[in-house]
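An overview of the molecular structure
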Amino acid sequence: MTNHYQWWQKGIIYQIYPRSFQDSNNDGVGDLPGIIQRLDYLKSLNIEGIWISPIYPSPMHDFGYDVSDYKGIHPMFGTMDDLDRLLKEMHARDLKLILDLVPNHTSDEHAWFIESRSSRDNPKRDWYIWRDPAADGGPPNNWLSFFGGPAWTFDEKTGQYYLHQFVTQQPELNYRNPEVLPAMLDVIRFWLDKGVDGFRVDVITLLIKDEQLRDEPLNPDWDGIVPFGKYKLIRRQNHPEVHDIIHQMRAVFDKYDERVIVGETYLPNEDLMKYYGNDDECHLPFNFQLINMEWDAQTIRKAVDAYESMLPEGAWANWVLGNHDKHRIATRIGIEQARVANMLLLTLRGTPTFYYGEEIGMVDVKIPLDMIQDPPAVNQPEIADTQGRDPERTPMQWDNSPNAGFSEEGVKTWLPVGDYKKCNVKNQESVSTSMLNFFKTLTNLRQNEPALCVGDYQSVDVKADDVFAYLRTAPHANHFLVVLNLASDEHALDFSQIAKQANIAIATDMTRTGTIDLSNLKLHPNEGLVLQLG
Ligand code: NOJ
């Protein structure tokens, strides 16, 4: 019954941060041949789509999100042949490849920007956002970079400022110039022609800005800590005209079979829903609510119900728990809740996107001062702890050899390796109740049960504030009740209004099995259960 769904609706997406997945040539940085070596592992996770953060040539000021050639591969990651081989090997295993498209900005070393910056009358001058200084010689408006400092850099040679909302070396393209979007669509076609299955589009909400580049108003809710939060973001993101650009991007995808466009969309529901368009913009505008949310059962239930109720007709839900920009879930909510969190992500309705390493419960790694590299941390040392993203980007912990099987012993890895003796794939493969085996059992269940994979969702009232429960159902298929204890108290719960009894399909501890009397369900601390009904 799941046959008429597209792969990106049924399948689980797994994000790889390529610098940190597998280093095949012992330079301390992960690469494409490394990913190829690990494809059987990835297949064993029962995932379907793999999104790889940028692998293009880049001076790496923002670790690949500063692209200097959209149609190449950074030698550190390998060659175009490696990419072709990866694609072939993935397709042979029925895995889909999603690349990262970074259309909002290029590197300052991209040929387009080098031309643009060369003179005021260069034909590519207007491909970027250049403005004269303000009357006092300062930046043209009050916009601040997300990574610290102003969002404008003065270019001595031509006497103007250019816009960059991230690092100085990431000048922003001007989508009001009619030549820019066609150039980016050409990039999309290049990769789709190769057989790449889709793109995750970086900061898609930023692609077009207020035409007059007006100042942002003060933000009355500013915490006084993170500088860019001082102003609202109403002129520099989520501009209504952005939908026209996304619409044109989507039209390219629609010329191919089953390609997916995923948008990076940190927005409240009302705005987020617009990024589906009329089924003619993003297939999956990322739903990041769980990433930022207080870990509280009632808060989460409200948020899930609200999101569900606001999804437009025909729009496909999706959920994200972690990524390369946010602290790891096991650090954020505590390792004792990590399995519950994974159970939530993998049993909600919609496509889950999963961050590498969280299947084994990897946690953030404390980065020694001399190894901190991420620009928002380097530029703003006083708030490095909250803004720095190195801790969640450390090498995958494969086994208990020095460097965790990521690089060979003796290699200096680009970021330090976490506590691999305590947490690694190899150990967990051999323990039947490990987090990894929990993950595989759960993904296997999800992929084989239509109700969990593509079925309906309905939350259930529970007389315990710590507990979030919901039903997943589908016609002519097994029905499930998911019960999640988001805290460390035990609860006795009565679900007899739903059914008399149920079978445990999977429990977070991987040992609890059997039939349960639903009028007196004893839910253990930090426990999650997927219960098969009837
Ligand atoms: C969002 C990406 O996820 C992040 O890692 C990057 O720094 C910014 N966009 C700028 O490209």
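Residues numbered from 1 in each chain as written. Predicted model: local features only at pLDDT ≥ 70, side-chain atom pairs only at ≥ 80, totals over all residues. Heavy atoms only, no water.

1. Quick look at the overall build of the chain
Quick reminder of the rule: Counting from the N terminus, the helices are the DSSP runs of H or I reaching at least four residues and the strands are the DSSP runs of E reaching at least two. Both definitions apply: the radius of gyration is a C-alpha atom measure, and the globule rule equals 2.2 Å times residues to the power 0.38. We call a residue buried when its accessible area falls under 20% of the maximum for its residue type, exposed when it is over 50%, and partly exposed in between, using a 1.4 Å probe and counting protein chains only. Using a 1.4 Å probe, accessible areas were evaluated by the Shrake-Rupley method; residue-level cover was limited to the displayed protein chains. Just so you know, the count uses Lys and Arg for positive and Asp and Glu for negative, and it drops His and the chain ends. Charge positions are represented by NZ for Lys, CZ for Arg, CG for Asp and CD for Glu.
When helices and strands are tallied, the chain shows 17 helices and 19 strands. Here the C-alpha radius of gyration of the chain, 24 Å, is about what a compact globule of 534 residues would show, namely 24 Å. Seen through its C-alpha atoms, the chain measures out along the principal axes to roughly 75 × 50 × 50 Å. A burial count over the chain gives 62% of its 534 residues as buried. With the model as given, the accessible surface of the chain reaches about 20500 Å², and the carbon-plus-sulfur share is 48%. With 50 positive and 78 negative side-chain charges, the chain shows a spacing of 2 Å between the two charge centroids.

2. Considerations on the site of the ligand
Under the convention used in this document: Any residue with a non-hydrogen atom lying within 4 Å of a molecule or strand is treated as near it. In the analysis that follows, any N or O atom pair within 3.5 Å is treated as a polar contact, provided that within protein one partner can donate a hydrogen and the other can accept it, and provided that, for residues neighboring in sequence, both atoms belong to side chains. Residue polarity follows a fixed list, in which Ala, Val, Leu, Ile, Met, Phe, Trp, Tyr, Cys and Pro are nonpolar, Asp, Glu, Lys and Arg are charged, and the others, Gly among them, are polar.
For the ligand, the set of nearby residues contains 14 residues, the closest of which are Asp62, His105, Asp202, His324 and Asp325. Residue Arg389 places a side-chain N or O atom 2.9 Å away from an oxygen atom belonging to the ligand. The fraction of the free accessible surface of the ligand (300 Å²) that becomes covered by protein chains is 98%. Of the residues assigned to the shell around the ligand, the class counts are four nonpolar, three polar and seven charged.

3. Describing the side chain of Thr158
Quick note on the threshold: Contacts are assigned to residue pairs that have any heavy atoms within 4.5 Å of one another.
Within the secondary structure, Thr158 is located in the loop between strand S5 (152-155) and strand S6 (160-163). Leave out the neighbours within four places in its chain, and Thr158 touches Arg117, Ser118, Ser119, Arg120, Arg125 and Trp130.

4. Digging into the packing of helix H12 (residues 338-347) against helix H16 (residues 435-448)
Defined as follows: Note on geometry: axes are lines fitted to C-alpha atoms, helical ones only across the stretch in contact, with angles between N-to-C directions running from 0 to 180 degrees. Comment on the angle field: the value is read as roughly parallel under 35 degrees, roughly antiparallel over 145, roughly perpendicular from 65 to 115, and oblique elsewhere. Should the near helix be turned counterclockwise from the far one by less than a right angle, the crossing is left-handed, whereas a clockwise turn marks it as right-handed.
At a minimum axis separation of 10 Å, H12 and H16 run at an interaxial angle of 15 degrees. Classified by the interaxial angle, the pair formed by H12 and H16 is roughly parallel. For H12 against H16, the interelement crossing comes out right-handed. Side by side, H12 and H16 meet where Ala338, Arg339, Asn342, Met343, Leu346 and Thr347 of the first sit next to Met435, Phe438, Phe439, Leu442, Thr443 and Arg446 of the second. Classifying every residue of the contact of H12 with H16 by side-chain character gives seven nonpolar, three polar and two charged.

5. As for the packing of aromatic side chains
The geometry of an aromatic ring pair is captured by two quantities: the separation of the ring centres and the angle between the planes. To keep it simple, the criterion reads: Only rings of Phe, Tyr and Trp enter the pairing, Trp through its six-membered ring, and a pair is recorded when the two centres are within 6.5 Å. The plane angle decides the type: under 30 degrees is stacked, over 60 is edge-to-face, the rest tilted.
Taken as a whole, this structure holds 29 aromatic pairs when the rule is applied. On the numbers, 6.3 Å between centres and 80 degrees between planes, the contact of Phe199 with Phe253 is edge-to-face. With Phe199 in strand S7 (residues 198-201) and Phe253 in helix H7 (residues 242-253), this pair connects stretches of sequence that are 54 residues apart. A relative accessible area of 0% means that Phe199 is categorised as buried.

6. Some points on the pairing of strand S2 (residues 49-52)
Let me state the cut-off plainly: In this scheme, strands are said to pair when DSSP sees at least two bridges between them. By definition, the crossover connecting two strands over a helix is right-handed if that path, from the first strand to the second, turns clockwise as seen with the strands pointing away from the viewer.
Burial along S2 is two-sided: Gly49 and Trp51 and Ile50 and Ile52, pointing in opposite directions, are all buried. Pairing of S2 with strand S3 (residues 96-101) involves four bridges; the strand directions are parallel. Bridge pairing in S3 links Ile50 to Leu97. In the classification by handedness, the crossover that spans S2, the intervening helix H4 (residues 80-92) and the parallel S3 is right-handed.

7. Here we look at H4
Selection criterion: Helix span, as expected, comes to 1.5 Å for every residue beyond the first. Note that the arc is defined by the directions from the helix axis to the C-beta atoms.
Taking 1.5 Å of rise per residue, 13 residues should cover 18 Å, and H4 covers 18 Å from first to last C-alpha, within 8% of that figure. Inspection of H4 places Asp82, Leu83, Leu86, Leu87 and Met90 among the buried residues, and these make up the whole buried set. Angularly, the buried residues of H4 cover 140 degrees about the axis, an arc narrow enough to put them on a single face. Looking at H4, the residues exposed on the side facing more than 90 degrees away from the buried face are Asp81, Lys88 and Ala92. Packed against the buried residues of H4 are helix H2 (32-37), helix H3 (39-44), S2, S3 and helix H6 (180-194).

8. Considering the sheet that holds strand S8 (residues 260-263)
Taken in spatial order, the eight strands make up an open sheet running S9-S8-S7-S3-S2-S1-S11-S10, and their pairing is parallel. Of all strands in the sheet, those with a lone pairing partner are strand S9 (284-285) and strand S10 (318-320), marking the two edges. Sheet strands in contact with H7 are S3, S7 and S8, and its direction is about 155 degrees off that of S8.

9. With respect to H16
Across its 14 residues, H16 extends 20 Å between first and last C-alpha, which sits within 8% of the 20 Å expected from 1.5 Å per residue. The buried fraction of H16 amounts to 10 of the 14 residues, a majority that puts the element mostly inside the structure. Listing the buried residues of H16 in full gives Met435, Leu436, Asn437, Phe438, Phe439, Lys440, Leu442, Thr443, Leu445 and Arg446.

10. Points about the domain arrangement of the chain
Inclusion rule: As annotated, the domain borders come from an automatic or database domain assignment. Reported buried area values correspond to the accessible surface (1.4 Å probe) lost by two parts on association, with both partners' losses combined. What makes a salt bridge here is a side-chain nitrogen of Lys or Arg within 4 Å of a carboxyl oxygen of Asp or Glu, nothing more.
Entries for the chain in the domain assignment read domain 1 (7-104 + 178-208 + 234-439), domain 2 (111-163) and domain 3 (455-533). When each unit is reduced to the centre of its C-alpha atoms, the spacing between domain 1 and domain 2 is 30 Å. At the interface, 15 residues of domain 1 touch eight residues of domain 2. Among the residues of domain 1 in contact with domain 2, Glu179, Val180 and Arg236 are the three that bury the most area, contributing 44% of the side total. Counting across the interface, domain 1 meets domain 2 through zero salt bridges.

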